[in-house]
Amino acid sequence: MGIVAGLDSSSESTRIVVCDADTGAVIRQGYAPHPAEKGHEIDPQAWLMSLGEAAGNGLLEGVQAIGVSAQQHGMLPLDADGALVRAALVGNDKRAQSAAADLTDALGGRAAWTQAVGAVPHAAQPLTKLRWLARNEPANAARVAEVLQPHDWLVWQLLGRPARRTTDRGGASGTGYWSAAAGAYRPDLVELALGHQVRLPEVLGPSGTAGFTPEGLLISAGTGETMAAAFGLGVGAGDAVVSLGASGSVFGIHHEALADSNGTITSFADATGMHLPVVHTSNAVRVLRGTAEMLGTDLTGLSELALKSTPGSYGLVLLPYLEGERTPHLPHTAGSLHGLRRESMKPEHLARAAFEGMLCGLADALDVLRGRGVEVRRVFLLGAAAELGAVQAAAPGLFGAQVVVPQPADYAALGAARQAAWALGAAHGTLAPHEPPRWPTAASQVFEPGDDLPVGQAVRQQYIAVREESYAGAFLSSQ
């Protein structure tokens, strides 16, 4: 069918992959860092500069369609002429925490928000950034006539800034003013945050076309990084993805939008027409890093130590709530170590307890999804810590599922390229609008629970018993 490209503009760089539209084979790749800028206010021209550098040396020669993935949690306020009112606000900007609390109360609490849009306001959302703008920069807020996210803005720029502005379901579901369940905007919530209505981009379907560049290049709908990475990985129904960052996130692919009255589940849409319920934990790899520092080693050394211990860590149980916790909802608690006995007071047992505590905390998040009917047959583990031997040894038994560790790749850019191939095929009539191209799944290592499953589940029950003794009912109240 031809050649397509996917570009991912993350918070740090632009990565581009050029792929065969039929097979997904990577033909060429490009990379460029963003110009160094710190903080939560960014001139988006930096993204265009990085894009231009990454696409240099004829990288896009012969390309027929481009898909765009970009960092989520960004808000670009435009005036009536399409000019930026101020720098883009990006990331988890803690300045907006009080604005999030104000918005939560203004609509009647957490349950009211989950019913409205499937998510409780938090500091990262564009909606909450609008509230912050209205409170702190009222003159700028008054000028805002429309709002875009980073991938919306980049698509618009590639198309030559046409009158039409577009987004996709995945990106829209992260704004705080679009409901994945209803498939519609809530403009009243924008007015609640900003004080007046604004123009919002048209929400395209998964195989939709945003437009064509002056040179005739098709630009697909684009999406957020999480949705693009899921599409690039090739995950589907029965799959869950556990992302091991400093904090953690767990999401599954589901046929309907999910939400809960406590806001434990964030109801996103994916890039294929399905839904992507997400559960966050405040603590993941920060648990390992903290333990490694305590023991005077690094993550690799901590893993080697942990593998000298045995499942259950000689009775040690670490509740890994070092920064408070979101799942279960314990925002003001601290981590704790239980089961100390003379024979368990050895570095290797503490190291093992750190890995088991982190993974059990993520298994709690998985159980929130399972409890709402999300099927989990296999778990994809993402992040550098997924390569650690202690994680790979313990995770299948604790999660109770096959664990897949994909080889490192630019999955968000690959997902954007796959979307471009889909839009191109749909436009030419060679692909159905509801059937994405069948590209090979990610090359991966696969780990089965096997005979270790009963042992892993016993360790998990030991953890649950300690958690319930310490915080009775906290986990149940988070579901």
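Here is what the cut-offs are and how they apply
- Residues numbered from 1 in each chain as written.
- Predicted model: local features only at pLDDT ≥ 70, side-chain atom pairs only at ≥ 80, totals over all residues.
- Heavy atoms only, no water.
- Axes fitted to C-alpha atoms, helices over the stretch in contact; angles between N-to-C directions.
- Helix = DSSP H or I, 4+ residues; strand = E, 2+ residues; numbered from the N terminus.
- Parallel < 35°, antiparallel > 145°, perpendicular 65-115°, else oblique.
- Contact = heavy atoms within 4.5 Å.
- Salt bridge = Lys/Arg side-chain N within 4 Å of Asp/Glu carboxyl O.
- Buried < 20%, exposed > 50% of the residue type's maximum accessible area, 1.4 Å probe, protein only.
- Expected span 1.5 Å × (residues − 1).
- Arc of directions from axis to C-beta.
- Pairing = 2+ DSSP bridges.
- Patch = residues over 30% accessible without salt bridge, like charges linked within 9 Å, V, L, I, M, F, W, Y side chains within 5 Å.
- Areas by Shrake-Rupley, 256 points an atom, 1.4 Å probe, with all protein chains shown as cover.

Undergrad: So what exactly am I meant to see when it comes to the packing of helix H2 (residues 97-107) against helix H4 (residues 126-136) here?
TA: In a packed pair of helices, the relevant descriptors are the angle between the two axes and the axis-to-axis distance. Taken N-terminus to C-terminus, the directions of H2 and H4 make an angle of 105°; their axes are 8 Å apart at the nearest point. Looking at the two axes, H2 sits roughly perpendicular to H4. In contact with Ser98, Ala99, Ala100, Asp102 and Leu103 of H2, H4 contributes Leu127, Thr128, Arg131, Trp132 and Arg135.

Undergrad: Looking at this model, I keep getting lost on the pattern of salt bridges. Mind explaining?
TA: Side-chain pairing between opposite charges can occur once the charged atoms of the two side chains come close. Tallied over the full model, the rule gives 20 salt bridges. Salt-bridge contacts for Asp270 lead to Arg169; the nearest nitrogen and oxygen are separated by 3.9 Å. Of this pair, Asp270 sits in the loop between strand E18 (265-269) and strand E19 (275-281) while Arg169 sits in helix H7 (residues 169-172); the two residues are 101 residues apart in sequence, bridging distant segments of the chain. Note on accessibility: Asp270 and Arg169 belong to one class, buried. We note a salt bridge from Asp239 to Arg378, for which the minimum N-O separation is 2.5 Å.

Undergrad: What am I meant to see in helix H15 (residues 453-470) here?
TA: Three- or four-residue spacings in an α-helix give side chains the same orientation, since the helix completes a turn every 3.6 residues. With 18 residues, H15 ought to run about 26 Å at 1.5 Å a step, and its terminal C-alpha atoms sit 26 Å apart, in line with that. Buried within H15 are the following residues: Gly456, Val459, Arg460, Tyr463, Ile464, Val466 and Arg467. Buried residues of H15, seen end-on, are gathered within an arc of 165° and therefore sit on one face of the element. Looking at H15, the residues exposed on the side facing more than 90 degrees away from the buried face are Pro454 and Glu469.

Undergrad: Please explain unusual backbone geometry as it appears in this structure.
TA: The general pattern is negative phi for most residues beyond glycine and trans for most peptide bonds. Cis geometry marks the peptide bond from Thr327 to Pro328, where omega comes out at 0°. Even without being glycine, Asn57 reaches a positive phi, approximately 60°. Judged by its relative accessible area of 89%, Asn57 is exposed. At Arg161, a residue that is not glycine, the phi angle is positive and equals roughly 60°. Looking at the secondary structure, you find Arg161 in the loop between helix H6 (150-158) and strand E9 (166-168).

Undergrad: I tried to follow the sheet that holds strand E7 (residues 88-90) on my own but got confused; where do I start?
TA: Within a sheet, neighbouring strands are paired by backbone hydrogen bonds and run either parallel or antiparallel to one another. The four strands are arranged E4-E7-E6-E8 in an open sheet whose pairing can be described as antiparallel. Edge strands, defined here as strands with exactly one partner in the open sheet, are strand E4 (41-42) and strand E8 (146-148). Bridge analysis of strand E6 (residues 74-78) against E7 gives two bridges, and the strand direction is antiparallel. In the strand pairing of E7, Met75 is matched with Leu89. Along the sheet, H4 contacts E6, E7 and E8; its crossing angle with E6, the most-contacted strand, is approximately 50°.

Undergrad: Looking at this structure, I do not really get a nonpolar patch on the surface. What am I missing?
TA: A cluster of nonpolar side chains, contributed by Leu337, Leu340 and Met345, occupies part of the molecular surface with about 290 Å² of accessible area. Locating Leu337 in the fold gives a position in strand E21 (residues 336-338).

Undergrad: What exactly am I supposed to notice about the pairing of strand E5 (residues 65-70) here?
TA: Side-chain direction in a regular strand flips from residue to residue, so the side chains alternate between the two faces of the sheet. Most of E5 sits inside the fold, with six of its six residues counted as buried. Taking every second residue as pointing to the same face, both faces of E5 are buried, with Ala65, Gly67 and Ser69 on one and Ile66, Val68 and Ala70 on the other. Pairing geometry for strand E1 (residues 3-9) and E5, over six bridges, is parallel. The residue of E5 that forms the bridge with Gly6 is Gly67. In this structure, E5 lies alongside strand E14 (residues 218-220), joined through two bridges in parallel fashion. Note that in E14 the partner of Ala65 across the bridge is Leu218. Summarising the sheet, E5 and strand E15 (residues 223-224) pair through two bridges and their orientation is parallel. Across the sheet, residue Ala70 finds its bridge partner in E15, namely Gly224.

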